[in-house]
There are 2 protein chains.
Amino acid sequence: MQKGSLYAHIESKADLLWEVARDGAAAFHRALDEVPDEGPVIERIRAALRGHLRVVADQLDLATVFTREWRYLAGERRETFLAERRRYEERFRALFREGRDLGELRSDLDDSTAALLALSAANWAYTWLRPGAPTDELADRFTSLLLDGMRGYSSR
Amino acid sequence: MQKGSLYAHIESKADLLWEVARDGAAAFHRALDEVPDEGPVIERIRAALRGHLRVVADQLDLATVFTREWRYLAGERRETFLAERRRYEERFRALFREGRDLGELRSDLDDSTAALLALSAANWAYTWLRPGAPTDELADRFTSLLLDGMRGYSSR
DNA sequence: CTCCCAACCGAACGATCGTTAGGCTGAGTG
DNA sequence: CACTCAGCCTAACGATCGTTCGGTTGGGAG
């Protein structure tokens, strides 16, 4: 398809970015919706990381816009998008907070730092994950390291 | 300064990118050079993370090129840069490997996953860290989480 | 005082980018 | 069969980008 033909489907380049950004936000939130809100928090964290990495590998274009290209959005669209992004981060943070409050994670856990560390790893994946790569195992390795750390031995 | 005036100092835009990419690689390697190669591995990991985040906060432009914009390098320059980048990652991985082999970290540690997780967090920082931010404390929070995990209690 | 030289300005060039508009094609529909 | 319509191509427009080049400025050095 030639570049001009694209304009039979979109209004402007900025509109296209906005559409893709919304699709990306929806994809990541949908992945989080699949995570049960009952059961062991540890399993839910694992599921959330799996879901995120799946979106990255299966819809790399969406993920790239969601994680980086969104900053070329302008004005109100940018603000609206950022609110969705913050909500996504907050949903992640809530997982860690709940795990701590329920006694499944250490009582002195800083949920902001925990979410930042987990989401940094998840977000950074868009730079090197290739489409179609198997990601569940990778997500589980991350989860295991995040939960049990590098020092001492696993309690599982 | 007008855009044209820049060409009194550089040959081309591509050359400028190449210079900055080399400066960035040098800055990150120099930060790693400051990490002692003796002493507890755990302290060296902390120092390495501190060093990386310091470069990000103090030289955000260099860090941005080192972590993302390098991919607009072409041909041989790109390959040369990527070799330096891989060497940087390998130096990180070696820290975790040594920690495992010396018994300071768990014996079943996957040093590749560990380095990937730590460097993902360190790299992602360029998207949100603002220049001049205090980073040592952040690096230490990351280090603590990575070492001891979110489950159980710290052994320190 | 004159000259030099580094550093920047200002205008212009071709190339690329975002966008528009008109035309072609081919698979339905009546 | 004529007609529609979605989907693509092609050529062109103004704007921006990377780059060049001659000119201007403001300090030193002789």
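As a reminder, the structure under discussion sits directly above these lines.
Residues numbered from 1 in each chain as written. Chains lettered and ligands numbered in written order. Predicted model: local features only at pLDDT ≥ 70, side-chain atom pairs only at ≥ 80, totals over all residues.

Participant: Can you help me understand the overall build of chain A in this one?
Facilitator: Regarding its fold elements, chain A presents 6 helices and 0 strands. When the helices and strands of chain A are listed from N to C terminus, the series reads α-α-α-α-α-α. Each of the three principal axes of chain A carries a C-alpha extent, and together these read 60 × 30 × 25 Å. (Helix = DSSP H or I, 4+ residues; strand = E, 2+ residues; numbered from the N terminus.)

Participant: What should I look at first to understand the environment of D37 of chain A in this one?
Facilitator: Residue and element names in this part refer to chain A. As for its placement among the helices and strands, D37 is situated in the loop between α1 (13–33) and α2 (41–58). Given 9 C-beta atoms within a 10 Å radius, D37 is considered exposed. Between the C-alpha atoms of D37 and L95, which are 58 residues apart in sequence, the distance is 9.2 Å. (Buried ≥ 20, exposed ≤ 12 C-beta atoms within 10 Å, placed from the backbone.)

Participant: Quick question: what am I supposed to make of the interface of chain B and chain A here?
Facilitator: When the parts come together, some accessible area is lost, and that loss is often what is quoted as the size of the interface. With 23 residues of chain B at the contact, the number on the chain A side is 23 residues. Every element with two or more residues in the side of chain B that touches chain A is listed here: α5 (111–124) and α6 (136–148) of chain B. The biggest single contributor to the side of chain B that touches chain A is α5 of chain B, with 7 residues. Split into classes, the residues belonging to the side of chain B that touches chain A amount to 12 nonpolar, 6 polar and 5 charged. (Contact = placed C-beta atoms within 7 Å. Nonpolar A, V, L, I, M, F, W, Y, C, P; charged D, E, K, R; others polar.)

Participant: Teacher, can you tell me more about the protein's contact with DNA strand D here?
Facilitator: All residues adjacent to DNA strand D are M1, Q2, G4, S5 and A8 of chain A together with K3, G4, Y7, S12, K13 and A14 of chain B. For the surface near DNA strand D, the class distribution of residues is 4 nonpolar, 5 polar and 2 charged. (Near = placed C-beta within 6 Å.)

Participant: Could you clarify how one ought to interpret the relation of the copies chain B and chain A in this entry?
Facilitator: Superposition of the two copies of the chain requires a rotation about an axis and a shift along the axis. Taken as rigid bodies, chain B and chain A are interconverted by a rotation of 180° and an axial shift of 0.0 Å, the fit giving an RMSD of 0.0 Å. Between the two chains, the operation in question is that of a two-fold axis. Distance from the rotation axis, computed per C-alpha, reaches its smallest value in chain B at G149 of chain B: 1.9 Å. (Least-squares fit on C-alpha atoms with pLDDT ≥ 70 in both.)

Participant: Looking at this structure, I do not really get the environment of L60 of chain A. What am I missing?
Facilitator: All names here are of chain A. Structurally, L60 can be placed in helix α3 (residues 60–67). Look at L60 and you get partly exposed, because 17 C-beta atoms sit within 10 Å. Residues L60 and G132, spaced 72 residues apart in sequence, show a C-alpha to C-alpha distance of 9.3 Å. When residues no more than four places from it in sequence are discounted, the contact partners of L60 are Y126 and P131.

Participant: How do you make sense of the nonpolar core when you look at a structure like this?
Facilitator: Generally speaking, nonpolar side chains in soluble globular proteins are found buried as a group. If you look at the biggest cluster of nonpolar residues, it comprises 78 residues, and the most contacted ones within it are L117 and A118 of chain A together with L117 and A118 of chain B. Apart from residues lying up to four places away in sequence, A118 of chain A is in contact with L49, F92 and L146 of chain A. (Core = buried A, V, L, I, M, F, W, Y, C linked by C-beta atoms within 7 Å.)

Participant: How do you make sense of helix α4 (residues 75–101) of chain B when you look at a structure like this?
Facilitator: It helps to recall that an α-helix has 3.6 residues per turn; residues three or four apart then point in one direction. All names here are of chain B. An ideal rise of 1.5 Å per residue puts 39 Å on 27 residues; α4 measures up with 38 Å between its terminal C-alpha atoms. Along α4, the positions that sit buried rather than exposed are F81, F92, L95, F96 and G99. The inward-facing, buried residues of α4 abut α1 (13–33), α2 (41–58) and α5. (Expected span 1.5 Å × (residues − 1).)

Participant: Just checking my understanding: could you explain the packing of α1 of chain A against helix α4 (residues 75–101) of chain A for this structure?
Facilitator: To describe two helices that pack against each other, one gives the angle between their axes and the distance between the axes. All names here are of chain A. Two numbers describe how α1 lies on α4: the axes approach to 11 Å, and their chain directions differ by 15°. As the angle between them shows, α1 and α4 are arranged roughly parallel. For the element pair α1 and α4, the recorded crossing hand is left-handed. Taken together, the residues of α4 that come into contact with α1 (itself represented by W18, A21, A25, F28, H29 and L32) are R77, F81, E84, R85, Y88 and R91. (Axes fitted to C-alpha atoms, helices over the stretch in contact; angles between N-to-C directions. Parallel < 35°, antiparallel > 145°, perpendicular 65-115°, else oblique. Left-handed = near helix turned anticlockwise from the far one by under 90°.)

Participant: How should α2 of chain B be read in this particular structure?
Facilitator: In this model α2 of chain B runs 25 Å from its N-terminal to its C-terminal C-alpha over 18 residues, within 8% of the 26 Å that 1.5 Å per residue would give. Next to the buried residues of α2 of chain B lie α1, α3 (60–67), α4, α5 and α6 of chain B.

Participant: What is the right way to look at the packing of helix α6 (residues 136–148) of chain A against α5 of chain B in this model?
Facilitator: Where α6 of chain A contacts α5 of chain B, the axes come no closer than 10 Å and their chain directions differ by 80°. Taken together, the axes of α6 of chain A and α5 of chain B lie roughly perpendicular to each other. Along its contact with α6 of chain A, which presents R141, F142 and L145 of chain A, the element α5 of chain B presents T113, A114 and L117 of chain B. The residue makeup of the contact of α6 of chain A with α5 of chain B, split by class, is 4 nonpolar, 1 polar and 1 charged.

By themselves these figures say nothing about function.
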